[in-house]
Amino acid sequence: MKQKLHSYRNLPALGWMGFIFYLSSQDGSASGKLSGGLSDVLYALLQFLRIPLSEETFHFLLRKGAHFTAYLLLGLFIAFWMEARTFKAYALCLLYSFLYALTDELHQRFVPGRSGELRDVFIDTSGAFTGLVLLSIVSRIRAFYSEAAKNINKSGSHEVL
């Protein structure tokens, strides 16, 4: 697999990895305060909308949803960096996301008040996988319509597909 790794293309992925590392470096108290404020506001909204969900369950879902979303974005940023277009390239992006998730959870084991959870590695990797699948689908749709437009221009037809 021949990859052109332009220097600027790595900035979103490396910046996002730095942001994840920063959040993972916060002790349990700081991390709880950060997610707690947002959680309180969103939980109040759920209560207003009369959506029955315990505060504990909601807080758990919010934190795990943040893991999923953070790694969905990381998978996309790594794919941008690697200019992923093939299955092999997407698999490599997923592997890199998984390895970063694994090291991130290992890092959290050394942060006071935090713990590294294998479940979070699974959630993180699932987020990256979802992002890469969505990217693949969007790329295929774009390629299809791009090819259709080229065929229309070549044939001189003005029909709308």
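Before any of the text, the structure's been laid out above.
Let me sum up the structure you'll find in this document. Because the structure is predicted, anything quoted here is derived from the model rather than measured.

## Here we look at the packing of helix α1 (residues 11-25) against helix α3 (residues 55-82)
Okay, so step 1: Orientation of α1 relative to α3, taken along the N-to-C sense of each, is 155 degrees, at an axis distance of 8 Å. By the angle class used here, α1 and α3 are roughly antiparallel. By crossing handedness, the relation of α1 to α3 is classed as left-handed. Two secondary-structure elements touch here, α1 through Pro 12, Ala 13, Leu 14, Trp 16, Met 17 and Ile 20 and α3 through Ala 70, Tyr 71, Leu 73, Leu 74, Phe 77, Ile 78, Phe 80 and Trp 81.
Okay, so step 2: Within the contact of α1 with α3, the residues separate by chemical class into 14 nonpolar, no polar and no charged.

## Section: the nonpolar core
Okay, so step 1: Grouped together as the largest cluster of nonpolar side chains are 17 residues, with contacts concentrated most on Ile 20, Tyr 71, Leu 74, Ile 78, Ala 84, Cys 93 and Tyr 100.
Okay, so step 2: Of all the elements in the fold, those that place two or more residues in this core are α1, α3, α4 (87-108) and α5 (118-155).
Okay, so step 3: Examining the composition of this core, we find that six residues originate from one element, α3, more than from any other.
Okay, so step 4: Setting aside anything within four residues of it in sequence, one finds Leu 74 in contact with Ala 13, Trp 16, Met 17, Ile 20, Ser 97 and Tyr 100.

## Things to note about the environment of Gly 116
Okay, so step 1: Along the polypeptide, Gly 116 turns up in the loop between α4 and α5.
Okay, so step 2: The buried category is assigned to Gly 116, whose relative accessible area is 16%.
Okay, so step 3: Residues Gly 116 and Ser 24, 92 residues apart in the sequence, show an inter-C-alpha distance of 9.8 Å.
Okay, so step 4: Gly 116 has contacts with Glu 105, Gln 108 and Arg 109, leaving out every residue within four places of it along the chain.

## Quick notes on unusual backbone geometry
Okay, so step 1: For Arg 50, which is not glycine, the phi torsion reads 60 degrees and is therefore positive.
Okay, so step 2: Assignment of secondary structure puts Arg 50 in the loop between α2 (28-48) and α3.
Okay, so step 3: Positive phi values are uncommon outside glycine, yet Glu 83 reaches one of about 55 degrees.
Okay, so step 4: Its place among the elements puts Glu 83 in the loop between α3 and α4.

## Thoughts on the pattern of salt bridges
Okay, so step 1: Tallied over the entire structure, the rule returns two salt bridges.
Okay, so step 2: The partner of Arg 9 in a salt bridge is Glu 83, with the nearest N and O atoms 3.6 Å apart. Here Glu 83 lies in the loop between α3 and α4 and Arg 9 lies in the segment before α1, a separation of 74 residues in the sequence.
Okay, so step 3: A relative accessible area of 11% means that Arg 9 is categorised as buried.
Okay, so step 4: A salt bridge links Lys 64 to Asp 120, with the shortest nitrogen-to-oxygen separation between them at 2.7 Å. Pair noted here: Lys 64 is in helix α3 and Asp 120 is in helix α5, with a separation of 56 residues, a long-range link.
Okay, so step 5: Judged by its relative accessible area of 14%, Lys 64 falls in the buried class.

## Here we look at the layout of surface pockets
Okay, so step 1: When its volume is computed, the largest pocket comes out at roughly 750 Å³.
Okay, so step 2: Lining the largest pocket are 31 residues, and of these Leu 23, Ser 31, Arg 63, Ala 66 and His 67 sit closest to its centre.
Okay, so step 3: At the level of secondary structure, the elements contributing two or more residues to the lining of the largest pocket comprise α1, α2, α3, α4 and α5.
Okay, so step 4: It is α3 that contributes the most residues to the lining of the largest pocket, 11 residues altogether.
Okay, so step 5: For the second largest pocket, the calculated volume is near 270 Å³.
Okay, so step 6: Along its surface, the second largest pocket is lined by Arg 85, Thr 86, Phe 87, Tyr 90, Ala 91, Leu 94, Phe 129, Leu 132, Val 133, Ser 136, Ser 139 and Arg 140.
Okay, so step 7: Breaking the lining of the second largest pocket down by element, the ones donating at least two residues are α4 and α5.
Okay, so step 8: It is α5 that provides the largest number of residues to the lining of the second largest pocket, a total of six residues.
Okay, so step 9: Residue composition of the lining of the second largest pocket, by class: seven nonpolar, three polar and two charged.

Reading the values: the criteria
- Residues numbered from 1 in each chain as written.
- Predicted model: local features only at pLDDT ≥ 70, side-chain atom pairs only at ≥ 80, totals over all residues.
- Heavy atoms only, no water.
- Axes fitted to C-alpha atoms, helices over the stretch in contact; angles between N-to-C directions.
- Helix = DSSP H or I, 4+ residues; strand = E, 2+ residues; numbered from the N terminus.
- Parallel < 35°, antiparallel > 145°, perpendicular 65-115°, else oblique.
- Left-handed = near helix turned anticlockwise from the far one by under 90°.
- Contact = heavy atoms within 4.5 Å.
- Nonpolar A, V, L, I, M, F, W, Y, C, P; charged D, E, K, R; others polar.
- Core = buried A, V, L, I, M, F, W, Y, C linked by side-chain atoms within 4.5 Å.
- Buried < 20%, exposed > 50% of the residue type's maximum accessible area, 1.4 Å probe, protein only.
- Salt bridge = Lys/Arg side-chain N within 4 Å of Asp/Glu carboxyl O.
- 1 Å grid on protein atoms, 1.4 Å probe; cavity = no way out; pocket = protein on both sides within 12 Å on 5 of 7 lines; lining within 4 Å.
- Points joined across faces, edges and corners; volume = space filled by probe spheres on them.

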